[in-house]
Amino acid sequence: MNNYIPRILTKRTDGGKDSKVFAYFLIEWKPFFSICLLNFGMDSLRRNYHSHAFNAITWWLKGEVVEETVKFSCHEDGCDPIYFQKTFKPSLTPKFTRRNKMHKVIPQKPNWAISFRGPWLNEWDEFDPDTNKTTTLTYGRKVVK
């Protein structure tokens, strides 16, 4: 896929072929920006945490989600994950997600959001809490390292 060609008025899963989050893109032009409506169904919970290739500003329009963030406390023997939760409901205040924030979204009710995304970097990360391992991904969810 050529990431330099804008896609207009498309629907697809957001987060890879196994994702159950649906995105309705007004426009997706990865080098510049994207605007999409997101639908997180009740069955859209992922086991792994992820960062993004982009920064995003999101407004929750309907429903409720819990964002669970993982940060790492590092010491001489390695790093331990520490988890934080925050609930989001419809609001006039947007949620800002930095591209390096390692998180996952846990739907509490079926919901909708509108998201404005910035330009994509070539890589982002996914953290598996079962193995305590982080994987770096690139376009097409291909493993880099």
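Rules of the game
Residues numbered from 1 in each chain as written. Predicted model: local features only at pLDDT ≥ 70, side-chain atom pairs only at ≥ 80, totals over all residues. Heavy atoms only, no water. Salt bridge = Lys/Arg side-chain N within 4 Å of Asp/Glu carboxyl O. Helix = DSSP H or I, 4+ residues; strand = E, 2+ residues; numbered from the N terminus. Buried < 20%, exposed > 50% of the residue type's maximum accessible area, 1.4 Å probe, protein only. Phe/Tyr/Trp six-rings, centres within 6.5 Å; stacked < 30°, edge-to-face > 60°. Lys NZ or Arg CZ within 6 Å of the ring centre and 35° of its normal. 1 Å grid on protein atoms, 1.4 Å probe; cavity = no way out; pocket = protein on both sides within 12 Å on 5 of 7 lines; lining within 4 Å. Points joined across faces, edges and corners; volume = space filled by probe spheres on them. Nonpolar A, V, L, I, M, F, W, Y, C, P; charged D, E, K, R; others polar. Patch = residues over 30% accessible without salt bridge, like charges linked within 9 Å, V, L, I, M, F, W, Y side chains within 5 Å. Areas by Shrake-Rupley, 256 points an atom, 1.4 Å probe, with all protein chains shown as cover. Contact = heavy atoms within 4.5 Å.

> Now, about the pattern of salt bridges: what can you tell me, with residues and values included?
Tallying each qualifying case throughout the model produces ten salt bridges. Close ionic contact of R7 with E28 constitutes a salt bridge, the shortest N to O distance being 2.7 Å. Separated by 21 residues along the polypeptide, R7 in strand β1 (residues 7-13) and E28 in strand β2 (residues 21-29) bring together distant segments of the chain. R7 sits in the partly exposed class, given a relative accessible area of 26%. A residue is classified by how much of its surface remains accessible, and E28, at 2% relative accessible area, is buried. A salt bridge links K89 to E64, with the nearest nitrogen and oxygen atoms 3.9 Å apart. With K89 in the loop between β6 (78-88) and β7 (95-97) and E64 in strand β5 (residues 56-75), this pair connects stretches of sequence that are 25 residues apart. One network of salt bridges, in which partners are shared, links R7, R12 and E28.

> Requested: an account of the packing of aromatic side chains, with residues and values cited.
In total, this model carries ten aromatic pairs according to the counting rule given. Plain terms: the ring middles of W59 and F116 are 6.0 Å apart, the flat faces sit at 90 degrees to each other, and that makes the pair edge-to-face. Residue W59 is found in strand β5, and its partner F116 is found in strand β8 (residues 103-117); the two are separated by 57 residues along the sequence. On the basis of relative accessibility, which here comes to 35%, the residue F116 falls in the partly exposed class. Between F72 and F127, the aromatic rings sit 5.0 Å apart at their centres with planes inclined by 80 degrees, giving edge-to-face as the arrangement. Taken together, the residues span a long stretch of sequence, with F72 in strand β5 and F127 in strand β9 (residues 124-128) at a distance of 55 residues. Classification of F72 by relative accessible area gives partly exposed; the value is 35%. Looking at K11, its charged tip hangs above the ring of F22, at a distance of 5.1 Å from the centre.

> Before we move on, could you go through the layout of surface pockets and cite the residues and values that matter?
Taken as a whole, the largest pocket encloses approximately 690 Å³ of empty space. For the lining of the largest pocket, the elements supplying multiple residues, two or more each, are β1, β3 (33-40), β5, β7 and β8. Counting residues per element, the lining of the largest pocket draws most heavily on β8, which supplies five residues. The residue makeup of the lining of the largest pocket, split by class, is twelve nonpolar, twelve polar and ten charged. One number sums up the size of the second largest pocket: a volume of about 280 Å³.

> Please give an account of a nonpolar patch on the surface that cites residues and values.
Nonpolar side chains collect at one region of the surface, where I8, L9 and L26 lie side by side and expose about 340 Å² of accessible area between them. When you line up the elements, L9 lands in strand β1. When its relative accessible area of 70% is taken as the criterion, L9 is described as exposed.

> An account of the environment of K11 is needed here, citing residue identities and associated values.
Here K11 is to be found in strand β1. Sequence spacing of K11 and L38 is 27 residues, and the spatial spacing of their C-alpha atoms is 9.9 Å. With near-sequence residues (within four places) excluded, K11 lies in contact with F22, A23 and Y24.

Interpretation in functional terms is not warranted from these geometric data alone.
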